[in-house]
Amino acid sequence: MVIFGVLRSGLYALTSVGLALSVGVIGVVNFAHGEFLMLGAYLGYWLFVSYGIDPLLAIPIGAAALFAIGGAVFRAGIQRVLRAPELNQMLLTFGISIFLQNLAIILWTGDPRTAAVSYKATAVPLGPLVVGLPQLVVFGLAMAFVLGLYLVLGRSRLGKAMRAVAQNRVGASLIGIEVDRIYLLTFGLACALAGVAGMMVTLQLSTSPFIGLLYTLKAFAIIVMAGLGNINGVIYASLVLGLSEAFVEFYVPQGGGWSEGVFFLLILVVLLVRPKGLFRS
Amino acid sequence: MKGIFTIRGVVGLAIAAMLLLITAYQPALAQREPIKIGAIVPLTGPSGTSGQAMQKGYQLALQDINRTGVLNRKVDLVVEDDRGDPPTGAASFLKLVTRDRVDVLIGGLQSNVSIAVAAQARQRPILMAWTGAASSLVERALADADWFFHYHPWEYHNADSTFGFIRSTGAKTVALAYEDGPFGSGSADQAEAFARNYGLTITFKEAFKTGSPDLTPLLSKAKAAGADVFVFVGFDQDMVPMVTQARQVAFNPKLILAAPPSWPVGFEKLPAGHYVAGMALWTAENSHPASRRFAQRYREQFNEEPVSYWGPLAYTNLFTVADAIRRAGSTDLNALTGAMRSTEYEGPIGLPLTFKRSIYGKNQGFTKLIAFQWVGGKQVVVYPTEIAGGKIAYPAPYGR
């Protein structure tokens, strides 16, 4: 149970850290975050089916593409409502979510599509257990991306600029940081991370226009548990969610039907008991 | 004689001539007014692919029907997209019946949409030749409706066919996993009783949420139950994680049997999907001559494989309705109801279609599903043996 819970937390962390960036640096709750994951999944699928490129090898292409798409969406829409009431921002991102989902349905139909990657069903022994190779690889890569992001945020000029903007936009602007450019880069980066997560989803599951919502909801649960804007807490919160779900699925009778409601319960508990999040920023 | 050449006479002759002309051309006018049939199908939404397959089936049927027409009239099909959404389905019904004034209503796929449509239909009875819905909630909603004709087997028919097939393999025990919505829960509710009827024991029964990315806990528990056959009732999006993660946890029952409404694109190429069995009304490997002809036409016309049974089912739906109108001699509801009741048709589904009473309903068409197994990327029919195109691989060589 622990192994399964930990393995699934990797993808959760990768999906959520982008959303945490949007919320923490830009201050925008991006309801379309899951749809960027969905676009990444489709890119991974079509690159595999059309050109035989393994989704893992296509990650750099996916990241670049989703970065560009995210940047374009930011410029065309989100930038215009940054100083508008938060409700306007949420409605806009919700509208973008609906638009992207329906665009995917029009372009590719609602039919789930599977990339028949040769190692999709391969398992590897891990001590007394046997675990899926895609799950193991996805966990490893996801953790690498998240830790890489932490390094960027902690050690690079760009990362420090992002943190400065997150702390105080006006102050950052006064010391010469181009706030709008940081916002653009942050949003692009958040979408790129979601897109990479989507390409990893292609390895394990079917792709369809509807896969984004589930990951958006889990990402929200994780960033609430971590504390809104607390990027550091995302890994721990992802572990909590992954292990909670696995515990319910393994030990609660009929737990398979209950486990997807775990994140709702966690959001409720955290908001009532510790609204600033479970983990320190 | 002199009288007809007066002004009155000439006018009278002219009026008579006009009346004669109008009467003579009446059949031609009537010929130009088409018979309108309305169809409610999900062209978009989660069942969009199946709905689009239905639309293609209707197109093929319409070509055949309009070669000769019906009662010297062309048939027009007005298609409304219910988007898999019950309120949209209800609105589609109202539009077709009150604005388009269709003579007959066909279509239907999802049970929840069918329930919404049924509520409207009770207030405005029209001949409903309904392809879809497996939930017997729909059957109960229209239990006393003479004008409701249902083509797809009800869920208890599906359960009966499924457990009959399982029994035929020699299996004794079953592990059942089902999605916790109406589709899965409805099937699970029937399962125990039907299993008992066929001398089978359900050793494991658990729900899951459709769309769950990780089914390994569920599959690990099912593996521990040690049943001969694993029955998985879910949607197309659940099939890939189920088969791949079953391999990953080395869950190798003697047979995996799944029955999604349709299969994901590319599933046939997935090695983990080999030898998984399924239940369906029809597959493209069906050996019936009408079925082969349909499949061939479908490929030629649409440049794609007919992977779902909704295409031939829709063809059957429209074709039999047109035939009933022809036999009734009109679109009068009573006459049409009588003609539909006497339908005897064997077409691309490859099974004979007649309408008989079911548990709650008055006019039920198909009552059996066939079983197939994925072999070499094809859905080879393995049950019933009379129409089988191959022998079932049981125990299936999963993980070998």
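Residues numbered from 1 in each chain as written. Chains lettered and ligands numbered in written order. Predicted model: local features only at pLDDT ≥ 70, side-chain atom pairs only at ≥ 80, totals over all residues.

Colleague: Before we go on, may I ask you to explain the overall build of chain B in this structure?
Modeller: Across its full length, chain B carries 12 helices and 14 strands. Seen through its C-alpha atoms, chain B measures out along the principal axes to roughly 105 × 40 × 35 Å. Each of the 400 residues in chain B was classed as buried or not, and the buried ones make up 56%. The contacts in chain B between residues at least 6 apart in sequence include a share of 70% that link residues at least 24 apart. (Helix = DSSP H or I, 4+ residues; strand = E, 2+ residues; numbered from the N terminus. Buried ≥ 20, exposed ≤ 12 C-beta atoms within 10 Å, placed from the backbone. Contact = placed C-beta atoms within 7 Å.)

Colleague: Is there a simple way to think about the overall build of chain A in this case?
Modeller: Scanning chain A from terminus to terminus reveals 12 helices and 2 strands. Ordered by position from the N terminus, the helices and strands of chain A form the series α-α-α-α-β-β-α-α-α-α-α-α-α-α. A globule of 281 residues ought to have a C-alpha radius of gyration of about 19 Å, and chain A, at 18 Å, matches this closely. With the C-alpha coordinates aligned to their principal axes, the bounding extent of chain A is approximately 55 × 45 × 35 Å. The buried share of chain A, taken over its 281 residues, is 53%. Within chain A, contacts between residues separated by at least 24 positions form 77% of all contacts whose residues are at least 6 apart in sequence. (Rg over C-alpha atoms; globule rule 2.2 N^0.38 Å.)

Colleague: So what exactly am I meant to see when it comes to the interface of chain B and chain A here?
Modeller: Interfaces are often described in size by the accessible area the parts lose on coming together. Across the boundary between the two partners, chain B contributes 35 residues, which contact 30 residues of chain A. Listing elements by their share of the side of chain B that touches chain A, those giving two or more residues are helix H2 (48–68), strand S7 (201–208), helix H8 (216–225) and helix H9 (236–248) of chain B. Of the residues contributing to the side of chain B that touches chain A, the split by class is 16 nonpolar, 12 polar and 7 charged. (Nonpolar A, V, L, I, M, F, W, Y, C, P; charged D, E, K, R; others polar.)

Colleague: In this structure, what is going on with helix H4 (residues 111–123) of chain B? I would like to understand it.
Modeller: Structurally, the α-helix is built with 3.6 residues per turn, so residues lying three or four positions apart point the same way. Residues and elements named next belong to chain B. End to end, H4 covers 19 Å across 13 residues, agreeing with the expected 18 Å (1.5 Å per residue, within 8%). Within H4, burial applies to Ser111, Val113, Ser114, Ile115, Ala116, Val117, Ala118 and Ala121. Lining the buried residues of H4 we find strand S1 (35–41), helix H3 (86–99), strand S4 (127–130), helix H5 (136–141) and helix H7 (182–197). (Expected span 1.5 Å × (residues − 1).)

Colleague: Before we go on, may I ask you to explain the sheet that holds strand S14 (residues 378–383) of chain B in this structure?
Modeller: What links the strands of a sheet is backbone hydrogen bonding, and the strands pair in either a parallel or an antiparallel sense. Residue and element names in this part refer to chain B. Strand order in the open sheet made by the 7 strands is S7-S6-S8-S9-S10-S13-S14, with mixed pairing throughout. The two strands at the open ends of the sheet, each matched to only one other strand, are S7 and S14. Shown here is a sheet whose adjacent strand axes are inclined to one another by a mean of 25°, direction ignored. Bridge count between strand S8 (residues 229–233) and strand S9 (residues 255–258): 4 bridges; the pairing is parallel. Looking at S9, one finds that valine 229 is bridged to leucine 255. (Pairing = 2+ DSSP bridges. Axes fitted to C-alpha atoms, helices over the stretch in contact; angles between N-to-C directions.)

Colleague: How do you make sense of helix H8 (residues 179–204) of chain A when you look at a structure like this?
Modeller: Its 26 residues give H8 of chain A an end-to-end C-alpha distance of 38 Å, which sits within 8% of 38 Å, the value for a rise of 1.5 Å per residue. Of all 26 residues in H8 of chain A, 21 are buried, a share of seventy percent or more.

Colleague: Looking at this model, I keep getting lost on unusual backbone geometry. Mind explaining?
Modeller: Glycine aside, residues mostly have negative phi angles, and peptide bonds mostly take the trans form. All names here are of chain B. For the bond running from tyrosine 383 to proline 384, omega is 0°, close enough to zero to count as cis. With respect to the helices, strands and loops of the structure, proline 384 is situated in the segment after S14. Here the residue pair tyrosine 394 and proline 395 is connected by a cis peptide bond, since its omega of 0° sits within 30 degrees of zero. Here proline 395 lies in the segment after S14. Residues other than glycine seldom take positive phi values, yet alanine 133 does so here, at roughly 80°. By the element assignment, alanine 133 lies in the loop between S4 and H5.

Colleague: I would appreciate a short explanation of the environment of arginine 80 of chain A in the present structure.
Modeller: As for its placement among the helices and strands, arginine 80 of chain A is situated in the loop between helix H3 (59–76) and helix H4 (86–108). With 157 residues separating them in the primary sequence, arginine 80 of chain A and alanine 237 of chain A have C-alpha atoms 32 Å apart.

Colleague: Teacher, can you tell me more about the confidence of the model for chain B here?
Modeller: Caution applies to low-pLDDT parts of the model: their predicted coordinates are not meant to be read in detail. All names here are of chain B. In this model, chain B carries a mean pLDDT of 90, and residues with pLDDT of at least 70 account for 92%. Here residues 25–30 is a poorly scored stretch, pLDDT under 50, and it has 3 contacts once near neighbours within four places are set aside; other chains count. Taken over the whole predicted complex, pTM reads 0.79, whereas the ipTM for its chain interfaces reads 0.78. (pLDDT = per-residue confidence, 0-100.)

Colleague: When you look at the pairing of S14 of chain B in this model, what are you seeing that I'm missing?
Modeller: Along any regular strand the residues' side chains alternate between the sheet's two faces. Residue and element names in this part refer to chain B. Taken together, the 5 bridges between strand S13 (residues 370–375) and S14 define a ladder with antiparallel strand orientation. Paired with tryptophan 374 across the strands is glutamine 379, a residue of S14. Taking the residues that link successive antiparallel strands as the turn, the S13-S14 hairpin has 2 residues, and the phi of glycine 376 there is positive, at about 55°.

Colleague: Hey, could you run me through the packing of helix H1 (residues 2–26) of chain A against helix H5 (residues 133–155) of chain A in this one?
Modeller: A pair of packed helices is captured by two measures, namely the crossing angle of their axes and the spacing between those axes. All names here are of chain A. Running from amino to carboxyl end, H1 crosses H5 at an angle of 40°, the nearest separation of the two axes being 8 Å. Of the two possible hands of crossing, H1 and H5 adopt the one that is left-handed. Mapping the contact onto sequence places Leu7, Gly10, Leu11, Ala13, Leu14 and Val17 in H1 and Gln135, Leu136, Val138, Phe139, Ala142, Met143, Phe145, Val146 and Leu149 in H5. (Left-handed = near helix turned anticlockwise from the far one by under 90°.)

Colleague: How should I be thinking about the environment of tryptophan 310 of chain B in this particular structure?
Modeller: You can see tryptophan 310 of chain B is positioned in helix H11 (residues 310–328). Residues in contact with tryptophan 310 of chain B, not counting those within four places in the same chain, are Ser50, Ala53, Met54 and Gly57 of chain B.

Colleague: Looking at this structure, how should I read the environment of proline 60 of chain A?
Modeller: Residues and elements named next belong to chain A. The residue proline 60 is located in helix H3 in this model. For proline 60, a count of 9 C-beta atoms within 10 Å puts it in the exposed group. C-alpha of proline 60 to C-alpha of valine 224: the two residues are 164 residues apart in sequence and 29 Å apart in space.

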